[in-house]
Amino acid sequence: MAPPAFVPGAHPLSVAGSLRGCLSPVVSSRSRSSTFLGATVAAGDHAPSRAAFRMVAPPPPRRRDSNPQDKAAADGGRVGERERLEATLKVDVVPGGDSPPPEEEMSEYDPRRFNDANPPPPLSMKDAMDLWIENILVLYGDKKPRDTVPVAEGEVSDLVGGPFFLALHRCFKEYGPIYKLAFGPKVFIVVNDPVVCRHILRERSILYDKGVLSEILEPIMGKGLIPADYETWKTRRRAIVPGFHSAWLEFMTGMFGYCTAGLADKLDALIDASDADAPVVEMETEYSSLALDIIGKAIFNYDFKSTQTESPVIKAVYRTLREAEYRSTFLLPYWKFEPLNWIVPRQRQFRRDMKLINDTLRKLINEAQHGKQSTELDDLKRRDYENVSDPSMLRFLVDLRGESTTNKQLRDDLMTMLIAGHETTAAVLTWATYELVQQPDLYARVRAEVDAVMGDRQTPPTFDDVKALDLTRRVLAEALRLYPEPPLLIRRLLADDTLPGGEVGKPTSLKRGTDVFICVYSLHRSPSLWEEPDRFDPDRWLKPHSNAGVEGWAGYTPPSKGKGAGLYPNEVNADFAFMPFGGGSRKCVGDQFAMLESTVAFATLMRRFDFSLACAPEAVGIDTGATIHTKGGMPIQVRKRGDRADLSDASAKLSK
Ligand code: HEM
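Here the structure is a predicted model, which is why all the values come from computation and not from measurement.

Definitions and cut-offs
Residues numbered from 1 in each chain as written. Predicted model: local features only at pLDDT ≥ 70, side-chain atom pairs only at ≥ 80, totals over all residues. Axes fitted to C-alpha atoms, helices over the stretch in contact; angles between N-to-C directions. Helix = DSSP H or I, 4+ residues; strand = E, 2+ residues; numbered from the N terminus. Left-handed = near helix turned anticlockwise from the far one by under 90°. Contact = placed C-beta atoms within 7 Å. Nonpolar A, V, L, I, M, F, W, Y, C, P; charged D, E, K, R; others polar. Core = buried A, V, L, I, M, F, W, Y, C linked by C-beta atoms within 7 Å. Buried ≥ 20, exposed ≤ 12 C-beta atoms within 10 Å, placed from the backbone. Pairing = 2+ DSSP bridges. Expected span 1.5 Å × (residues − 1). Near = placed C-beta within 6 Å. pLDDT = per-residue confidence, 0-100. UniProt positions renumbered as here; feature names shortened; annotations may be inferred.

Turning to the packing of helix α10 (residues 246-273) against helix α23 (residues 591-608), a few remarks are in order. In contact at an axis separation of 9 Å, α10 and α23 are set at 35° when each is read in the N-to-C sense. Remark: the crossing between α10 and α23 carries right-handed chirality. Residues Leu249, Met252, Thr253, Phe256, Gly257, Thr260, Ala261 and Ala264 of α10 lie in contact with α23, whose contacting residues are Gln592, Phe593, Leu596, Glu597, Val600, Ala601, Thr604, Leu605 and Arg608. Residues of the contact of α10 with α23, tallied by class, amount to ten nonpolar, five polar and two charged.

Shown next, in the form of structure tokens:
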């Protein structure tokens, strides 16, 4: 096992939290003097080159669409799931598909040795020790560092006490798109460059695993897709991806509307029961309950009813999420020490919660297995979902012919999707609402669009409506740009590798065992990649842009202008400058699901209510957690909309 590393607050998908308690033992010895990794590295060697943003004609796209997965993403996911899946599982490490050089010309961990059939071996304790020794020799001895990457300078207190990704963003402003964080001999490479991200996530994803995150999540998710070892991941990803086929997504769109209508009815009732004209509702919590109801129905046909009640299962799910987050802030995986699980009160609570969740899932899995109808994949994709009693993902995974998955693996798959697909979507809705209500003109345009698309209909938005809700979708994409969920992705290098130069223009050589943070938050707010990066501007997605100063970055091309008319911008048409769902082989399996869900929910609520912030925008604050949270909730004044008057008003605004 690799030595325990600090992980600053982890979402199941990444790291996002504070450095609570875990840094001091390692860092105190370095205090203020922890500047550059090795005296031989001068700031000027790798001074952050903050190429100013400028508009130039986009260079011809490189290899774009050559990968079916990219093509699927560029087309808004409408290329066949099979193509997408195959691309997902194929990783080409040797550039251009050339054959690797002779054995004797390659070092033991030469990246060219590895491919999807022959992934690099997991790290041993020796690998980790070798890396630590090298770092110590560079830091305190006279060993020459293998790169010129600057080391973030400053006091640990700069990093502790607030959201970690915000601290990293401050470092990004000072040190540029690639830098190191050194905590004694423990070094993290932080990257915020689209070309480097593309390299890590897509071109060489086989060389990078999820590192310490897998260790933290394993007790909760078992061998679910996120923490799974490579072989399990490959098999399960192959089974799960087709589950998100278009007939199912289309049917789910109706379910999203149905669940949101439940929340809308609840808000109606609150308004009716309130003396105030517009009662204040904490919408972050409401969005979270809605997302839980939706994911429960979609994944295992279980109605949490969390928008209406608070059941013990719901409480257990929430506490488990918090526990994953809490554990991630500890240097030592103390929960692996079995006796503590019986002594420490929160560990005992965790055991009880896991038992309750597992019992519930076991019951659902047993029921699904009982009614198993072994079916070919193509027939499953043609299922008439309107007329099946259980349209869940669980049912699909059980019925899929040729799959002999154990109940334990099914439990791990379901638990992973429950956690990964819940708070992420709730956060998008929260931040989209927060930004929109602060821009009255934009808000009016969104309502006008929703009204024009939905007309007088009282039924929820359909799949076709979502396609027509162009501005609404751009608002959600823009919320994901400014508030990516999760804000950090974590990787650990399993071979030696050289990162491309990208914006700084110099390649970086990395040794096996290196921990890497991809700070999506900084990437999405980089002035080299975005005009006025901190401004919430959904119209930015309509214009192409590029910056020749970022070597190898193809720039952004709006999805509707490229091949196929994709539904939302993604990592392919932004060439990894925008990657809310990650990219490459570990890209989110629920991206289409999540965008459909949030569009339907958002449009439904915009259609029926007027929202306004019930406090100063600064009072909402940003906090760290499983995703990017508000500090203490998002109080919103909710009013019913006067449909008729609003409709004509809206049409006038839309035609402006
Ligand atoms: C707006 C909502 C969502 C966002 C922003 C989001 C974001 C992400 C990101 C960034 C990753 C990649 C993590 C990495 O590379 O380390 C990921 C992976 C994943 N997501 Fe999502 N996600 C969302 C919704 C969902 C939903 C609804 C589901 C399931 C129904 C889901 C299931 C997963 C799974 C299983 C993985 C792991 C994939 C793998 O490793 O093969 N996500 N998600």
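Nonpolar side chains in soluble globular proteins tend to end up buried together. Counting residues in hydrophobic clusters, the biggest one holds 154 residues, and the most contacted among them are Val190, Leu394, Ile518 and Cys519. Setting aside residues no more than four positions away along its own chain, Cys519 makes contact with Phe165, Leu168, Phe172, Val190, Asn192 and Leu488.

The phi angle of most residues is negative, glycine excepted, and most peptide bonds adopt the trans form. In this model, Glu485 is joined to Pro486 through a cis peptide bond whose omega is 0°. Relative to the assigned elements, Pro486 resides in the loop between α21 (470-482) and β7 (488-493). One non-glycine residue, Asn301, lies in the positive phi region at around 55°.

Turning our attention to the sheet that holds strand β6 (residues 280-282). With antiparallel pairing, the three strands of this open sheet are ordered in space as β6-β14-β11. Looking at the sheet topology across the chains shown, the edges are occupied by β6 and β11 (609-613). When strand polarity is set aside, the average angle formed by the axes of neighbouring strands in this sheet is 40°. As paired strands, β11 and strand β14 (residues 635-640) are joined by five bridges and run antiparallel to one another.

Quick look at α21 now. Across its 13 residues, α21 extends 19 Å between first and last C-alpha, which sits within 8% of the 18 Å expected from 1.5 Å per residue. Counting buried positions over the 13 residues of α21 gives eleven, a clear majority of the element. Among all positions of α21, only Thr472, Arg473, Arg474, Val475, Leu476, Ala477, Glu478, Ala479, Leu480, Arg481 and Leu482 are buried. On the buried face of α21, the contacting elements are α18 (423-436), α19 (440-454) and α23.

Contacts to the ligand come from 23 residues, most closely from Gly421, Thr424, Gly582, Cys588 and Gly590. Listing elements by their share of the shell around the ligand, those giving two or more residues are α17 (407-420), α18 and α23. Within the shell around the ligand, the residues separate by chemical class into 13 nonpolar, seven polar and three charged.

In this model α23 runs 26 Å from its N-terminal to its C-terminal C-alpha over 18 residues, within 8% of the 26 Å that 1.5 Å per residue would give. Burial of α23 is extensive: 17 of the 18 residues sit out of reach of the surface.

With that settled, the discussion passes to the confidence of the model for the chain. It should be kept in mind that the predicted coordinates are not to be read in detail where pLDDT is low. Looking at the chain as a whole, its pLDDT mean stands at 81, while 79% of the residues score no less than 70. Low pLDDT, under 50, characterises residues 88-92; the predicted model gives this stretch 16 contacts beyond four residues in sequence or across chains. Counting interchain partners and residues more than four positions distant, the pLDDT-below-50 stretch residues 650-656 has twelve contacts.

Time to look at the UniProt feature "binding site: heme" (unreviewed entry) in the chain. Following the UniProt record, one finds the feature "binding site: heme" (unreviewed entry) at Cys588. As for its position among the elements, Cys588 is in the loop between α22 (520-523) and α23. Those residues within four positions of Cys588 in sequence are excluded, and the remaining contacts are Phe581 and Gly582.

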